[in-house]
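Understanding the architecture of this molecule
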Amino acid sequence: MRNTKRSPLVTIIILIVVLVVLAVLPQLTSEYITYVAVLAMLYAVLTGSYDILTGYTGPLTFCHGAFYGIGAYTSALLTLKAGLPFWAAFPLSGVMVFVFAVIIGYPGLRLKGHYFAVTSFFFAHFMYLVILNSIGLTNGPMGLGGIKPPEGFLGINFAGLKASYYLIFIYGIIVITGLWLFIRSGIGKLLVTIRENEELSEAIGVNTAFYKVLAFSVGAGVAGLTGSLFAHFFRLLHPTTFAWMTSEMVVIMSLVGGLGTLIGPIIGAGIVTLILELMRFAPELRLITWSVALIAVLLIEPKGLMGLIRRLQPGGRK
Amino acid sequence: MSAILEVKKLRKAFGGVVAVDDNTFAVERGTRLGIIGPNGAGKTTTFNMIAGFYKPTSGTIEFEGRRISGLKPHRISQLGIGRTFQNVRAFRELTVYDHVMAGALAHELHYRPTAKQVEEVEHILQWSRLAEHRDTTVKNLTLAAQRQIELATALATRPKVLLLDELMAGLTFVEIDQMLDLLRLINQEMGITLIVVEHVMKAIMALCQRIIVLSYGKIIAEGSPQEISTNQTVIEAYLGKETAYA
């Protein structure tokens with residue numbers, strides 16, 4: 001009975017198609033579509049990193065958008081106020097969000113199930129309020145402007161749309177490959193045992209408390225890095241970008257794509273971003289449409305798009 | 001022979017209910033010990049304290065001369081005490097091979113399983129008759145197979161002592177016989193000390209060299225299977241006092 005194993009062929013084909021389309025996109029399409037693609041790629045990395053904790057390790061969280069925001073503001077402030085170059089602020093913001101997540105996760109992850117989910121939700125909202133009200137630092141609701149693009153090198157100028165598009169494209173490939181190697185490692189295998197049965201995992205010698213904090217912080221660190229890129233690509237930050245809607249969007253994208261598959265949430269991010277953009281003509285319908293879409297996904301195939309693909313494969317489970 | 005596990009005046013109270021009442025016993029290295037007793041006698045509570053899932057109210061547990069009471073379950077597992085659970089627990093979405101490999105990796109983490117780990121896991125799969133199911137998802141297998149997998153995974157952590165909590169419950173007679181063969185093999189070939197909680201009397205009498213009987217949290221008898229099966233106190237605990245009806 002090999003049939004419940006995922007066939008790698010489908011995944012590889014999807015990957016190649018997506019990569020080719022993304023690689024040629026800015027050459028063939030308008031600036032507007034390029035911007036949308038950047039947003040989709042940033043969300044793809046964000047949901048991919050979210051999958052490390054919620055998809056592979058188990059605990060549901062609603063605060064990934066907050067880490068994204070902390071990364072964005074940290075990087076912006078390090079360049080604006082401390083005068084650091086982007087290439088120093090970028091890794092630093094990742095490290096800082098990682099450390100921040102350890103501090104939050106160590107006590108927080110002692111809570112089980114829904115309790116942790118609710119705590120993470122309030123944490124995200126708390127961070128939003130801090131960003132909104134620390135006017136002296138973040139400029140609050142007026143937004144933080146004047147952020148510089150990444151410094152160019154080898155004659156590449158990241159102020160231009162195409163160059164920064166490819167910067168984010170390459171960043172996405174590197175990070176997602178990194179995440180993939182992480183979940184395939186011995187540690188990744190232990191993380192899955194925590195999701196499947198925490199007590200048994202502990203009984204076979206897995207330090208579940210440590211690995212949950214690790215998964216949480218690795219995911220958060222990647223969100224921080226992604227936030228930094230967001231800040232220096234769009235060059236204007238506003239607290240509402242990182243309000244609870246963003247955290248929730250990450251959850252929805254992951255569910256649409258299929259939690260615990262890595263590729264699923266990444267594709268989900270692309271699809272949801274696309275749908276949201278297509279719905280721009282009717283903003284009042286946006287929320288309703290994707291609420292309906294989410295309920296439909298959960299009813300028809302709770303394992304998301306990847307679950308659907310696996311089911312449709314010849315010999316797939318019924 | 002020396003004692004591998006020593007339990008001294010071990011006590012666990014849940015509020016006012018004393019589940020385990022100042023019990024003292026020792027387990028010799030390489031032996032097979034059975035723990036029996038009516039429902040609620042404190043057998044599983046004792047196991048949970050040895051494995052670190054419950055903190056004892058008082059008393060100590062020593063493993064190879066080192067105090068382990070109060071340590072986290074994963075630390076105790078790392079030291080060499082493996083366990084299975086009363087109600088079957090499994091990583092349901094994993095394949096059998098990955099499930100057993102998780103035990104090996106949890107004990108000794110590598111980026112990729114080493115050749116030695118792969119060989120060991122294959123060996124355990126052969127032993128526990130799981131080789132033909134190696135690529136099956138665990139949730140698709142029978143209860144008996146899932147118990148074998150839980151046992152195999154515990155073995156992959158290379159324990160010195162195995163705590164087996166009602167491993168035979170719900171198995172057919174044939175499956176019980178197979179399990180008994182496997183347990184003897186584990187004990188004799190691998191030298192693993194076994195502590196077994198079991199309700200299936202035939203199995204425990206056939207397997208264990210020494211048996212401890214618990215009733216209402218207290219040890220009421222201790223001895224060889226023959227001694228236990230003829231012990232008056234034990235019979236009373238299970239069947240009630242014999243009363244003469246005139």
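My aim in this report is to walk through the structure given alongside it, one point at a time. (Residues numbered from 1 in each chain as written. Chains lettered and ligands numbered in written order. Predicted model: local features only at pLDDT ≥ 70, side-chain atom pairs only at ≥ 80, totals over all residues.)

Another point: the overall build of chain A. When helices and strands are tallied, chain A shows 14 helices and zero strands. Here the C-alpha radius of gyration of chain A, 19 Å, is about what a compact globule of 318 residues would show, namely 20 Å. Across its three principal directions, the C-alpha atoms of chain A cover 55 × 45 × 45 Å. For chain A, the proportion of its 318 residues judged to be buried stands at 47%. Considering only intrachain contacts with a sequence separation of at least 6, the fraction spanning at least 24 residues in chain A is 76%. (Helix = DSSP H or I, 4+ residues; strand = E, 2+ residues; numbered from the N terminus. Rg over C-alpha atoms; globule rule 2.2 N^0.38 Å. Buried ≥ 20, exposed ≤ 12 C-beta atoms within 10 Å, placed from the backbone. Contact = placed C-beta atoms within 7 Å.)

So, about the nonpolar core. Counting residues in hydrophobic clusters, the biggest one holds 157 residues, and the most contacted among them are Leu42 and Phe67 of chain A together with Val100, Ala152, Leu163 and Val213 of chain B. Broken down by element, the residue count for this core peaks at 15 residues, all from helix α2 (residues 31-57) of chain A. Counting contributing residues, this core receives three or more from each of domain 1 (1-80 + 159-246) and domain 2 (90-158) of chain B. Beyond its immediate sequence surroundings of up to four residues, Phe67 of chain A is in contact with Val97, Ala101, Ala220, Ala223 and Gly224 of chain A. (Core = buried A, V, L, I, M, F, W, Y, C linked by C-beta atoms within 7 Å. Domains from an automatic or database assignment.)

Further remarks concern the pairing of strand β9 (residues 210-215) of chain B. As paired elements, strand β3 (residues 32-36) of chain B and β9 of chain B share four bridges and run parallel to each other. Looking across to β9 of chain B, one finds that Ile35 of chain B is bridged to Ile212 of chain B. (Pairing = 2+ DSSP bridges.)

Moving on to helix α4 (residues 115-127) of chain B. All names here are of chain B. A rise of 1.5 Å per residue sets the reference length of α4, with its 13 residues, at 18 Å; its end C-alpha atoms lie 18 Å apart and thus fit the reference within 8%. Those residues of α4 lying buried are Val121, Ile124 and Leu125. The buried residues of α4 occupy an angular sector of 100° when the element is viewed end-on, so they sit on one face. Exposed side of α4, more than 90 degrees from the buried face: Ala115, Lys116, Glu119 and Gln126 are the residues found there. Structurally, α4 contributes buried residues whose contacts are with α3 (96-107) and α5 (143-156). The positive-phi residue at the C-terminal boundary of α4 is Arg129, with phi of around 55°. (Expected span 1.5 Å × (residues − 1). Arc of directions from axis to C-beta.)

Positionally, Gly186 of chain A belongs in helix α8 (residues 186-196). Take Gly186 of chain A: there are 20 C-beta atoms within 10 Å of it, and that puts it in the buried class. Leave out the neighbours within four places in its chain, and Gly186 of chain A touches Leu105, Leu109, His110 and Tyr111 of chain B.

Contact with chain A, which involves 22 residues of that partner, is made by 29 residues of chain B. When contributions to the side of chain A that touches chain B are tallied by element, the ones reaching two or more residues are α8 and α9 (198-203) of chain A. If you tally residues by element for the side of chain A that touches chain B, the top one is α8 of chain A, at seven residues. Within the side of chain A that touches chain B, the residues separate by chemical class into eight nonpolar, eight polar and six charged. (Nonpolar A, V, L, I, M, F, W, Y, C, P; charged D, E, K, R; others polar.)

Residue and element names in this part refer to chain B. Burial runs high along β3: five of the five residues are buried. Covered by surrounding structure in β3 are Arg32, Gly34 and Ile36 together with Leu33 and Ile35, the residues of both alternating faces. The sheet contact formed by β3 and strand β8 (residues 193-197) spans four bridges and is parallel. Counterpart to Leu33 in the pairing with β8 is Ile195.

This next bit is on the sheet that holds β8 of chain B. Residue and element names in this part refer to chain B. The strand order β6-β7-β8-β3-β9-β10 describes an open sheet built from six strands, whose pairing is mixed. The outermost strands of the open sheet, each flanked by one partner alone, are β6 (81-83) and β10 (218-223). Sheet twist, expressed as the average angle between the axes of neighbouring strands with direction ignored, equals 20°. (Axes fitted to C-alpha atoms, helices over the stretch in contact; angles between N-to-C directions.)

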